Amino acid sequence: MADTQILTPVDDGHANRLPAPAFGNRLAPLTGFVRQPAVQRALPAIAMTSAIGIAALAYFTMQSSPQAQLFAGLDDMDKSAVAEALQTQGIAHSIDASTGALTVDADKLHQARIALAGQGLPKAAPSGDSLIAALPMGSSRAIEGEALRSAREADLARTIETIDAVKSARVHVAAAEPSLFVRDDKPSTASVMLTLQNGRSLSDGQVQAIRFLVASSVPGMNADQVSVIDQRGALLSDTASGSDMKAFQLQVQVEDRFRRALDTLLGPMLGAGNYSVEVHADVDMSESQATRESFPENDRAMTSEQITRTVSGQGTPPAVGIPGALSNQPPQATTVTANAPIPTPTPAATPGTESNENAARAFEVGREISVTHSPQGKIRRVSVAVALNQGKKALTQADMTKIDSLVKGAIGFDATRGDQVAISQRPFVQVETTEPAFYDQAWFLPLVKQVGAIFAALLAFLFIGRPLIRAAKARSAERAERNAALEETLLAATDGRPALAGPAAGREITLEMIEQAPSYETRANLVRAFVRQDSARAALVVRQLMQEGARA
């Protein structure tokens, strides 16, 4: 058989040669792994997955997960124990530098709480029931009293902590021992220490409610005997019960009521921003009560009359008068006159008789009792000032008079108590409000993070994904061309026909060509051609494979 020239497929010149391995090239194994057919076919998918992974990594790196506070009101010891437990459980946590709050990722909040509850954390303050349950048997009366007092204080503290603005509370109750004598009894007192949330405060009504809550829970305690302070040492109960503060609050409420009435009245007429209203109410907080009793002059009537007459005789009366003839004369004769009134017989004093008459008369005089009570919060005077915006066309005097009448009707104007209403129109100065820059807005930073993540994904796709895809397509096309040339070479070697002329002519068969053969038959033909091409090298390869098998 005549020797036939065997054409080999196109090689890129970078095929690995078996006799001379490059031990100094550390990237040779990686290069060989990448040049494998399976890896070459999977390169587009690997490039796309890598680009998506890089984009997701950039997004999650720039987009921080929302944080949620784990527990509120933890002291430093509980925070240390909770942080150590979270680190043991592998849950990431952070401590806010401004508030000191312990926070975790919002999606792991419940998981962290369940894990801490399994370890009994945080160690909350004991409740009243636990204190009573822990009371040992055989305790003295004094110990039992102190335990009951501590339980009451703990329950009151837990109840007060349910208020939103209260972070923690401590209650101390001072109750004196009951005495047999009423004058020796002392009322119970209490003090409440509040730790408020950062930036929060309690209104006077809430402070007063806390005082009534504590006073209602302790027998014999008055709300005035409860003192409330905050963590800064400010006495909150003083402002809640001061008479001046009550008067000021009442005045503010009255002024707000008048101001709302004027806004409701003038708003639809003039429009928002075209008027300004200020109200000052002088409220009388003094309370007085007067009682008056009067007697009318000509208003009387006799209700009863009692007359007592006494006549007593004592025998022959003694001689009286001037002794002589005139004293012994008989009385003159009685003469009767026609049409004369008949006199009422008056009992003559009988000689030797004494007469005594007493009269007692009772008259009822009319009287009037008037009680006048002046309650607190009486309005002494109201002053209202209204400023109108003078636009392009000023209001006429008739319009001003109508507005004046409306304002007086809205506030209940009373001239007898000295109320005043002042209305003036002037052009308003336009106040320019400077809005913060767009980069200081709350939406700007999240938008930058989102756009940055999308831009990083695009860059990863353009500079990493696309070159890898193009290289994979080029290698695939080159591999297809090489396989076609290899098939032509095999057909020419086996059938005895001349091989195609081209760049594949005169090239030797390498081990890489054999490994990249598309089928078993093609690989077998390449092996036969490789043996005919260089039998000594083929024998060397077979011996090396046998040695490696023996060592294995």
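Quantities reported herein were computed from a predicted structural model and do not represent experimental measurements. (Residues numbered from 1 in each chain as written. Predicted model: local features only at pLDDT ≥ 70, side-chain atom pairs only at ≥ 80, totals over all residues. Heavy atoms only, no water.)

**Q** Explain the environment of His 93 here, please?
**A** With respect to the element layout, His 93 can be found in strand 2 (residues 93–95). Between the C-alpha atoms of His 93 and Asp 105, which are 12 residues apart in sequence, the distance is 7.3 Å. In this view, His 93 contacts Ala 83, Leu 86, Gln 87, Leu 102, Thr 103 and Val 104; residues no more than four positions away in its chain are not counted. (Helix = DSSP H or I, 4+ residues; strand = E, 2+ residues; numbered from the N terminus. Contact = heavy atoms within 4.5 Å.)

**Q** Quick question: what am I supposed to make of the sheet that holds strand 7 (residues 275–284) here?
**A** The strands that make up a sheet pair up through hydrogen bonds in the backbone, lying either parallel or antiparallel. With mixed pairing, the three strands of this open sheet are ordered in space as 7-12-13. What marks the edges here is a single partner per strand, and that holds for strand 7 and strand 13 (420–426). Across the sheet, the axes of successive neighbouring strands diverge by a mean angle of 10°, strand direction being ignored. Direction of pairing for strand 7 relative to strand 12 (residues 378–389): antiparallel, over a ladder of 10 bridges. Looking across to strand 12, one finds that Asp 282 is bridged to Arg 381. Contacts from helix 10 (residues 397–411) reach strand 12 and strand 13 within the one sheet, and its direction differs from that of strand 13 by about 140°. (Pairing = 2+ DSSP bridges. Axes fitted to C-alpha atoms, helices over the stretch in contact; angles between N-to-C directions.)

**Q** Quick question: what am I supposed to make of the nonpolar core here?
**A** A general tendency of soluble globular proteins is for nonpolar side chains to be buried together. Ile 160, Val 192 and Leu 194 are the most contacted members of the largest nonpolar core, which has 23 residues in total. Secondary-structure elements contributing two or more residues to this core are helix 6 (141–160), strand 4 (166–174), strand 5 (188–196), helix 7 (204–217) and strand 6 (221–229). Leu 194 has contacts with Ile 160, Val 166, Ser 168, Ala 169, Leu 202, Ile 210, Val 228, Ile 229, Asp 230, Gln 231 and Leu 236, leaving out every residue within four places of it along the chain. Counting residues in hydrophobic clusters, the runner-up holds 21 residues, among them Phe 258, Leu 388, Val 407 and Val 421. (Core = buried A, V, L, I, M, F, W, Y, C linked by side-chain atoms within 4.5 Å. Buried < 20%, exposed > 50% of the residue type's maximum accessible area, 1.4 Å probe, protein only.)

**Q** How should the pairing of strand 13 be read in this particular structure?
**A** Consecutive residues of a regular strand have side chains that alternate between opposite faces of the sheet. Burial along strand 13 is one-sided: Val 421, Ile 423 and Gln 425 are buried, and none of Gln 420, Ala 422, Ser 424 and Arg 426, which face the opposite way, are. Each parallel crossover has a hand, and for strand 12 linked through helix 10 to strand 13 it is right-handed. (Right-handed = clockwise from strand over helix to strand, strands pointing away.)

**Q** What exactly am I supposed to notice about the sheet that holds strand 2 here?
**A** Within the open sheet, the three strands sit side by side as 1-3-2. Their pairing is antiparallel. Whereas interior strands pair on both sides, the edge strands pair on one side only; in this sheet they are strand 1 (67–69) and strand 2. Ignoring which end each strand starts from, the neighbouring axes of this sheet average 35° apart. When strand 1 meets strand 3 (residues 102–105), the two strands line up antiparallel, connected through three bridges. Across the sheet, residue Gln 69 finds its bridge partner in strand 3, namely Thr 103. Together, strand 2 and strand 3 form the strand contacts of helix 3 (residues 76–89), whose direction differs from that of strand 3 by roughly 20°.

**Q** Help me out: how do you make sense of the environment of Phe 363 in this one?
**A** Examined against the element boundaries, Phe 363 turns out to sit in strand 10 (residues 353–365). Exposure remark for Phe 363: the relative accessible area of 46% places this residue in the partly exposed category. As a C-alpha pair, Phe 363 and Met 302 span 61 residues in sequence and 4.0 Å in three-dimensional space.

**Q** Would you explain the UniProt feature "transmembrane region" (unreviewed entry) in the protein in this entry?
**A** Within the UniProt annotation, "transmembrane region" (unreviewed entry) is assigned to residues 443–465. Counted over residues 443–465, helix gives 96% and strand 0%. Its end C-alpha atoms are 32 Å apart. (UniProt positions renumbered as here; feature names shortened; annotations may be inferred.)

**Q** Sorry if this is basic, but what is going on with the environment of Ala 83 here?
**A** Relative to the helices and strands, Ala 83 resides in helix 3. The class for Ala 83 is buried, based on a relative accessible area of 15%. When neighbours within four sequence positions are excluded, Ala 83 is seen to be in contact with His 93 and Leu 102.

**Q** Would you take a moment to explain the packing of aromatic side chains for this structure?
**A** Given two aromatic rings, their pairing is described by the distance between the two centres and the angle made by the two planes. Using the criterion set out here, one finds one aromatic pair in the structure. On the numbers, 6.2 Å between centres and 75° between planes, the contact of Trp 443 with Phe 444 is edge-to-face. According to the relative accessible area criterion, Phe 444 is partly exposed, its value standing at 26%. Over the aromatic face of Phe 413 sits the side chain of Lys 408, whose NZ or CZ is 4.7 Å from the ring centroid. (Phe/Tyr/Trp six-rings, centres within 6.5 Å; stacked < 30°, edge-to-face > 60°. Lys NZ or Arg CZ within 6 Å of the ring centre and 35° of its normal.)

**Q** Mind showing me how you'd approach a nonpolar patch on the surface here?
**A** On the surface, Met 48, Ile 52, Ile 54, Phe 455, Leu 459, Phe 461, Leu 462, Phe 463, Ile 464 and Leu 468 cluster together into a nonpolar patch covering about 900 Å² of accessible area. Taken together, the elements giving at least two residues each to the nonpolar patch come down to helix 2 (37–62) and helix 11 (444–495). A total of seven residues in the nonpolar patch trace back to one element, the largest contributor, which is helix 11. Along the chain, Met 48 falls in helix 2. Judged by its relative accessible area of 36%, Met 48 is partly exposed. (Patch = residues over 30% accessible without salt bridge, like charges linked within 9 Å, V, L, I, M, F, W, Y side chains within 5 Å. Areas by Shrake-Rupley, 256 points an atom, 1.4 Å probe, with all protein chains shown as cover. Salt bridge = Lys/Arg side-chain N within 4 Å of Asp/Glu carboxyl O.)

**Q** I keep staring at helix 6 and nothing clicks. Help me out?
**A** Side chains of residues three or four places apart in an α-helix project in the same direction, reflecting 3.6 residues per turn. Compared with the 28 Å implied by 1.5 Å per residue over 20 residues, the 29 Å span of helix 6 between its first and last C-alpha is a close match. Looking at helix 6, one finds that the buried residues are Ala 147, Ala 151, Glu 153, Ala 154, Leu 156, Ala 157 and Ile 160. (Expected span 1.5 Å × (residues − 1).)

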